[in-house]
Amino acid sequence: MKNGFIASLVLALSFGLFSACQNSASKTPVETVAAGVKYICPMNCEDGKTYSEPGSCPVCNMDLEPMKEEVGKNTAEYYTDFVNSPAQLEAGKSGMMSFTPKIKDKDGTAVPLDLVHEKKMHLILVSDDLSWFDHIHPEYSTSGSYDIKVLANGENFTNGRGHNETRFEGGGKYWAFADFKPTGGLNQVNKIEVDVAGAPTKALSFPQAKMTTSIDGYSLTMEAGHSGTGLVSGSQQHIPVSIKQGGKAVDPATFENYLGEKAHLVMIEVDSKEYVHTHPAVENGKLDVHTTFAKPGTYRGWLQFQTAGKVHTADFVIKVQEGSAHAEHDGHAGH
């Protein structure tokens, strides 16, 4: 009887444990995909391309989001109207640059913008040779424009560089990438030519890759692809970035958030001005860049991160060879 009782008890306990495991397994979250739901990069990196399942954007590495019905039905064509004052900007002199989001064939319609990475509009300014870079944020005016003050030589920045002011120290051609998301629409990046009068600075070229750079006491090194075999276009690339200070490794997880991320990386191709903006993740004590280059070529890269309230901008020169499975992509990657 005693042995029979023990056997029954063991059987009961075994059944209880089996049932508990079954119940525990049934409570494990399982990601389901609703029928008919389309997923899209919140930055619209691939010009409206959607996916049937959730995942990460192959260009900027952000999580894909379910496409809202209002966005899917929005077929408006947006552009940015650019006006400067005076009519001709001049190097070393003050002025104003105004950027107004508009809808083609509906110029009188107001275009409200969503906050994206803490700002309604991000503006990337570069010189034509890509030797000069500025990442700033225009301020909204009641006229509907987003304005940037241009400072004269000798005029101090109100809050330091990287806010809502810029300065052109040399004449020539510049490019502005206006990055914004209309409410109810997809993220937009509009490329605008800016001509500045005055003596140009000496143009630079970038024949050699620059994968290690120093800024403000930090040393940053990009690997040429996760396997070290180089970078190619048309397929997702994996680029770890190690960071040191005083010869000691720095964990980027300790960085302050800058515009909602631990770091931002903008890359622009020298000839085509192909624009890529990605957000490196923190993995294994490094910044880990996952992105897809639409085109081969030489890219200038600017990686920005923040410590002790200061934004650091580290520059790179990145060589990308044409991949064997070159993707058909002629779009842009949004901020």
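Up top you'll find the structure we're talking about.
So, a few notes on the structure that sits alongside this text.

**Examining the overall build of the protein**
Turning to step 1, where the next piece is worked out: If you tally the helices and strands in the protein, you get 2 helices and 23 strands.
Turning to step 2, where the next piece is worked out: When each of the 335 residues of the protein is scored for burial, the buried share is 45%.
Turning to step 3, where the next piece is worked out: Within the protein, counting contacts between residues at least 6 apart in sequence, those at least 24 apart form 61% of the total.
Turning to step 4, where the next piece is worked out: When the accessible surface of the protein is split by element, carbon and sulfur atoms take 51% of a total near 17200 Å².

**Observations concerning the sheet that holds strand 11 (residues 172–180)**
Turning to step 1, where the next piece is worked out: Taken together, the 5 strands give an open sheet; going across it, the order is 4-12-11-6-7, and neighbouring strands pair in mixed fashion. Two strands close off the open sheet at either side, each with one partner strand: strand 4 (89–90) and strand 7 (133–136).

**Structural notes on the sheet that holds strand 19 (residues 275–278)**
Turning to step 1, where the next piece is worked out: The strand order 15-23-22-18-19 describes an open sheet built from 5 strands, whose pairing is mixed. The sheet is open, and its two borders are formed by strand 15 (231–232) and strand 19, each paired with just one other strand.
Turning to step 2, where the next piece is worked out: Relative to strand 23 (residues 310–321), strand 15 runs parallel, the two sharing 2 bridges. Of the residues in strand 23, the one forming a bridge with L231 is V320.

**As for the environment of V83**
Turning to step 1, where the next piece is worked out: Its location among the elements puts V83 in strand 3 (residues 78–85).
Turning to step 2, where the next piece is worked out: Using a relative accessible area of 45% as the deciding quantity, one classes V83 as partly exposed.
Turning to step 3, where the next piece is worked out: In the structure, V83 is positioned 15 residues away from S98 in sequence and 5.2 Å away in space, judged by C-alpha atoms.
Turning to step 4, where the next piece is worked out: For V83, the residues in contact, after removing those within four places along its chain, are M96, M97 and S98.

**A look at the pattern of salt bridges**
Turning to step 1, where the next piece is worked out: A full pass over the atoms with the stated rule returns 10 salt bridges.
Turning to step 2, where the next piece is worked out: The residue K102 makes a salt bridge to D81 at a minimum N-O spacing of 3.8 Å. Linking K102 in strand 5 (residues 95–103) with D81 in strand 3, this pair joins segments that are 21 residues apart in sequence.
Turning to step 3, where the next piece is worked out: Classification of D81 by relative accessible area gives partly exposed; the value is 27%.

**Focus: the environment of W132**
Turning to step 1, where the next piece is worked out: Following the sequence through the fold, W132 ends up in the loop between strand 6 (121–127) and strand 7.
Turning to step 2, where the next piece is worked out: Taking the C-alpha atoms as reference points, W132 and F168, 36 residues apart in sequence, are found 9.7 Å from one another.
Turning to step 3, where the next piece is worked out: Every residue in contact with W132, bar those within four places of it in the chain, is listed here: L125, V126, S127, T166, R167, F168 and Y174.

**Focus: the nonpolar core**
General note: in soluble globular proteins, nonpolar side chains tend to be found buried as a group.
Turning to step 1, where the next piece is worked out: Residues L220, M222, F293, L303 and I318 are the most contacted members of the largest nonpolar core, which totals 34 residues.
Turning to step 2, where the next piece is worked out: Elements supplying a minimum of two residues to this core: strand 14 (218–222), strand 16 (236–245), strand 18 (264–269), strand 21 (286–292), strand 22 (297–307) and strand 23.
Turning to step 3, where the next piece is worked out: Looking at this core, the element that brings in the most residues is strand 23, giving 4 residues.
Turning to step 4, where the next piece is worked out: The residues touching I318, leaving out its near neighbours within four places in the chain, are M211, M222, L231, M267, F293, G297, T298, Y299 and G301.
Turning to step 5, where the next piece is worked out: Membership of the second largest hydrophobic core comes to 24 residues, among which are I103, L125, V150 and V194.

**Considering the pairing of strand 23**
Turning to step 1, where the next piece is worked out: Bridge count between strand 22 and strand 23: 11 bridges; the pairing is antiparallel. Paired with F305 across the strands is H312, a residue of strand 23.

**Overview of unusual backbone geometry**
Glycine aside, residues mostly have negative phi angles, and peptide bonds mostly take the trans form.
Turning to step 1, where the next piece is worked out: Cis geometry marks the peptide bond from S85 to P86; its omega dihedral reads 0°.
Turning to step 2, where the next piece is worked out: Even without glycine at this site, N44 takes up a positive phi of about 55°.
Turning to step 3, where the next piece is worked out: Of note, N44 is situated in the loop between strand 1 (39–40) and strand 2 (65–66).
Turning to step 4, where the next piece is worked out: N44 sits in the buried class, given a relative accessible area of 6%.
Turning to step 5, where the next piece is worked out: Positive phi outside glycine occurs at D216, with the angle close to 50°.
Turning to step 6, where the next piece is worked out: Judged by relative accessible area, D216 falls into the partly exposed class, the value being 40%.

Analysis parameters
Residues numbered from 1 in each chain as written. Predicted model: local features only at pLDDT ≥ 70, side-chain atom pairs only at ≥ 80, totals over all residues. Heavy atoms only, no water. Helix = DSSP H or I, 4+ residues; strand = E, 2+ residues; numbered from the N terminus. Buried < 20%, exposed > 50% of the residue type's maximum accessible area, 1.4 Å probe, protein only. Contact = heavy atoms within 4.5 Å. Areas by Shrake-Rupley, 256 points an atom, 1.4 Å probe, with all protein chains shown as cover. Pairing = 2+ DSSP bridges. Salt bridge = Lys/Arg side-chain N within 4 Å of Asp/Glu carboxyl O. Core = buried A, V, L, I, M, F, W, Y, C linked by side-chain atoms within 4.5 Å.

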